[in-house]
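# Summary of structural features
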Amino acid sequence: MKTEHRAIHTEVLRPRIIRTLANHFPSGTPVALVGYPHTWNIGDAALWAAARQLLKDVGFRVRYCCSALNYDPDHLRRHHPEGPILLHGGGNVGDVYAQEQDLRLNVLRDFPERSFLQLPQSVWYRDTASASELRDHMARAENFVFLAREEESLQRARDLLTPHALLCPDLVWGLNPLCVPVFHPCVDVLSVLRLDQESTGNSNALDAAKEVGLSAEQTDWPRPTASDWPWTRSDRLLETMVAPRATAPGGWLQNIIMDRPAWQLSWRKTCWGTVILQRGRVVLADRLHAALLAHLLGKPAILLDNSYHKNRSTYATWQQNLPLLHFASDLREGMALAKKLLAE
């Protein structure tokens, strides 16, 4: 099964992403990459690390990158005077994550003469009328292509935003096969459950595990402590080099290109995520990338839904390519499935 999951990753999903990117711009194209995540959400870090690896492999040259907290149109224009702008992927197109959506709107407003490629995203609007602002800015751009990472978001993008929307796998499949330190599991099931606005109330994995006679641990992407992870002086330097207070307009590092340290720091955070995931023999998560990273590690994963069903849609769209990924409607069903997987 481990051989099968690696073959699907390297022979199906990753090549599909590379073909999609290569179809839009020729190798050697200079680009700007906008939307670096200043968070300890390991899924966001993995997406950025994967994006940078993919852009390198396709042959795109990143001349500028930024986050929502240090975006400076003059800085972008100075370092990337012409050429396409890539908007980072994830699950924040809509009216739920205001900071990321505002960045998207600002860049489109500041550079209507550029071509844009929205890297694979999920789309969700609580109020669909609020999609009109982004739709109008997309229409004014010289060229705008939207990549959706699952079928429901593809349909929402076409209905609400732009007819120029295509289906593309989540960027995390762009990571090269994970070669990370191996740790032995300490519990049957590691549950990675959201505590934010995308939670559906899956709050007590320990009781659900106890009901079926399994041991479990519950977490939600914790930041490492000194005892958990060898966070070195160089890692702290990377954090400093991409910190908003340093790289924002007026900051002491505002003129550096934060691409390399941002890439390295994202990879280090991704490695920390793999340490967490290896605590369980099975991973049960409503964090999409906890389940996808577990699959990349060759570990069985059970995916629970989030509040606006991107997880369910991701599973339905790509399940034929994900032999180690399963879906459950709630914690009890998930733990029962985990017990069955552990008995196989």
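Counted under the stated rule, the structure contains two cavities of 30 Å³ or more. There is about 40 Å³ of room inside the second largest cavity. Gly 91, Asn 92, Val 93, Gly 94, Asp 95, Val 96, Tyr 97, Ser 122, Trp 124 and Tyr 308 together form the lining of the second largest cavity. Contributing elements (two or more residues each) for the lining of the second largest cavity: strand 4 (90–94) and strand 5 (115–124). A per-element tally of the lining of the second largest cavity places strand 4 first, with four residues.

Further remarks concern the sheet that holds strand 11 (residues 301–303). The strand order across the open sheet built from five strands is 9-8-10-11-12, with neighbouring strands paired in parallel fashion. Every other strand in the sheet has two partners, leaving strand 9 (216–219) and strand 12 (325–327) as the edge strands with one partner each. Strand-to-strand, the axes of this sheet are offset by a mean angle of 20°, without reference to chain direction. As paired strands, strand 8 (residues 187–192) and strand 9 are joined by four bridges and run parallel to one another.

All right, on to the pairing of strand 5 then. Regular strands place side chains that alternate from one sheet face to the opposite one. Counting buried positions over the 10 residues of strand 5 gives eight, a clear majority of the element. Pairing of strand 3 (residues 85–87) with strand 5, which is carried by three bridges, proceeds in the parallel orientation. Considered in strand 5, the bridge of Leu 87 is made with Gln 118. By the bridge criterion, three bridges tie strand 4 to strand 5 in an arrangement that is parallel. The partner of Gly 90 across the bridge, within strand 5, is Gln 121.

Considered as a void within the structure, the largest pocket measures approximately 580 Å³ in volume. Pro 37, Asp 44, Gly 91, Asn 92 and Glu 100 are, among the 34 residues lining the largest pocket, the residues nearest its centre. At the level of elements, strand 1 (30–36), helix 2 (42–58), strand 4, helix 4 (98–110) and helix 11 (288–296) are the ones that each hand at least two residues to the lining of the largest pocket. Split into classes, the residues belonging to the lining of the largest pocket amount to 11 nonpolar, 14 polar and nine charged.

Okay, the nonpolar core next. Grouped together as the largest cluster of nonpolar side chains are 92 residues, with contacts concentrated most on Leu 21, Phe 146 and Leu 161. Considering each element in turn, this core owes the most residues, 10 residues, to helix 2. Of all hydrophobic cores here, the second largest spans 17 residues; its members include Leu 193, Ala 209, Leu 214 and Met 335.

It is worth spelling out the side chain of Gln 53 at this point. Note that Gln 53 resides in helix 2. Setting aside residues up to four positions removed in sequence, Gln 53 forms contacts with Arg 14, Gly 174, Asn 176 and Trp 263.

Examined against the element boundaries, Val 180 turns out to sit in the loop between strand 7 (165–167) and strand 8. Along the backbone, Val 180 and Thr 270 are 90 residues apart, and their C-alpha atoms lie at a distance of 9.9 Å. The contacts of Val 180, once residues within four sequence positions are left out, are Cys 271, Thr 274, Gln 278 and Leu 297.

The rules behind the values
- Residues numbered from 1 in each chain as written.
- Predicted model: local features only at pLDDT ≥ 70, side-chain atom pairs only at ≥ 80, totals over all residues.
- Heavy atoms only, no water.
- 1 Å grid on protein atoms, 1.4 Å probe; cavity = no way out; pocket = protein on both sides within 12 Å on 5 of 7 lines; lining within 4 Å.
- Points joined across faces, edges and corners; volume = space filled by probe spheres on them.
- Helix = DSSP H or I, 4+ residues; strand = E, 2+ residues; numbered from the N terminus.
- Pairing = 2+ DSSP bridges.
- Axes fitted to C-alpha atoms, helices over the stretch in contact; angles between N-to-C directions.
- Buried < 20%, exposed > 50% of the residue type's maximum accessible area, 1.4 Å probe, protein only.
- Nonpolar A, V, L, I, M, F, W, Y, C, P; charged D, E, K, R; others polar.
- Core = buried A, V, L, I, M, F, W, Y, C linked by side-chain atoms within 4.5 Å.
- Contact = heavy atoms within 4.5 Å.

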